[in-house]
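Tertiary structure, described
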Amino acid sequence: MRIIKYDKKYRDDLIFMVLEAKNALGRVPGLNEDLLDIEGFYFNKGDMFWIVLDDNDRVIGSVGCNLLPNGEAVLHRLYIKHDLKRQGIGTKLLNTAENFARENGRKVMKVHLGEKVTYFESRSFYPKHGYEFIDDDHLIKNL
C-alpha cells in the first residue's frame, strides 16, 4: 500500500472505488463534481488530493484537502474501499492531510459529515482522531 498525489491516470479507478464505497453504505452511488475535475478543484488552487494504491496498482482510498485563507483547512472525500476498512488506511490518509495542512500554516481542520444514516462510520472515526462536533454534521480539530 502506498499513498500518492492523485494522478489522472487513476481517474476511472478512483471513481469506481468511490461509487463502490457509497454503494456499500447503502447510498445511491453518485459523484461529487470535484471528483470529475481534481486538478481544477484541488491542484490549481494550491490544494491537495491523495489516493492509496494497493500492490496491484488499484485505488483503495482517497482524501482531499482544501486550504482556506483564514488559517483553516477542510477535509474532503475520505473514502476507503469497503472491504478494506479498519486496517489503518483511513488513519494514514487523515494524517497525510493533517500534515499537509500544518506544513502550509493551517491551525484548524474541518470536516462535514453529511447524512447521519449513511455516514454513521465517520461519526465515530473522526472523534477517535481528536475531532469534536461543532454541530450535528460538522467537526473541527486544532492541528
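Preceding this paragraph is the structure being described.
Residues numbered from 1 in each chain as written. Predicted model: local features only at pLDDT ≥ 70, side-chain atom pairs only at ≥ 80, totals over all residues. Heavy atoms only, no water.

Some details on helix α3 (residues 89–103)
The end-to-end C-alpha separation of α3 is 21 Å, in line with the 21 Å expected for 15 residues at 1.5 Å each. Among the residues making up α3, those that are buried are I89, G90, L93, L94, A97, E98, F100 and A101. The buried residues of α3 all sit within an arc of 165° when viewed along its axis, so they share a single face. G105 occupies a position one or two residues after α3 and carries a positive phi of about 80°. (Helix = DSSP H or I, 4+ residues; strand = E, 2+ residues; numbered from the N terminus. Expected span 1.5 Å × (residues − 1). Buried < 20%, exposed > 50% of the residue type's maximum accessible area, 1.4 Å probe, protein only. Arc of directions from axis to C-beta.)

Re the sheet that holds strand β2 (residues 48–53)
Spatial ordering of the open sheet is given by β1-β2-β3-β4-β5-β7-β6, a layout of seven strands whose pairing is mixed. Across the chains shown, the open sheet's two edge strands, defined by having one partner strand only, are β1 (2–5) and β6 (132–133). Two elements, β1 and β2, share four bridges in a ladder whose sense is antiparallel. Along β2, the bridge assignment pairs I4 with I51. Where helix α1 (residues 11–24) meets the sheet, its contacts fall on β2, β3 (59–67) and β4 (72–80), and the angle it forms with β3 comes to roughly 95°. Lying on the sheet, α3 is in contact with β1, β2, β3, β4, β5 (108–112) and β7 (138–142); it crosses β3 at an angle near 25°. (Pairing = 2+ DSSP bridges. Contact = heavy atoms within 4.5 Å. Axes fitted to C-alpha atoms, helices over the stretch in contact; angles between N-to-C directions.)

Some remarks on the packing of aromatic side chains
This model, assessed by the stated rule, comprises six aromatic pairs. With 6.5 Å between their ring centres and 35° between their planes, Y6 and F43 make a pair best called tilted. Linking Y6 in the loop between β1 and α1 with F43 in the loop between α2 (38–41) and β2, this pair joins segments that are 37 residues apart in sequence. Considered together, Y6 and F43 belong to a single accessibility category, that of buried residues. Residues Y6 and F49 carry aromatic rings whose centres are separated by 6.1 Å and whose planes lie at 85° to one another, so their mutual orientation is edge-to-face. A residue pair is termed long-range when its members are at least 10 positions apart, and Y6 in the loop between β1 and α1 and F49 in strand β2 qualify at 43 residues. Take Y6 and F49: they sit in the same class, and that class is buried. (Phe/Tyr/Trp six-rings, centres within 6.5 Å; stacked < 30°, edge-to-face > 60°.)

It is worth stressing that arrangement in space is one thing and function is another; only the former is reported here.
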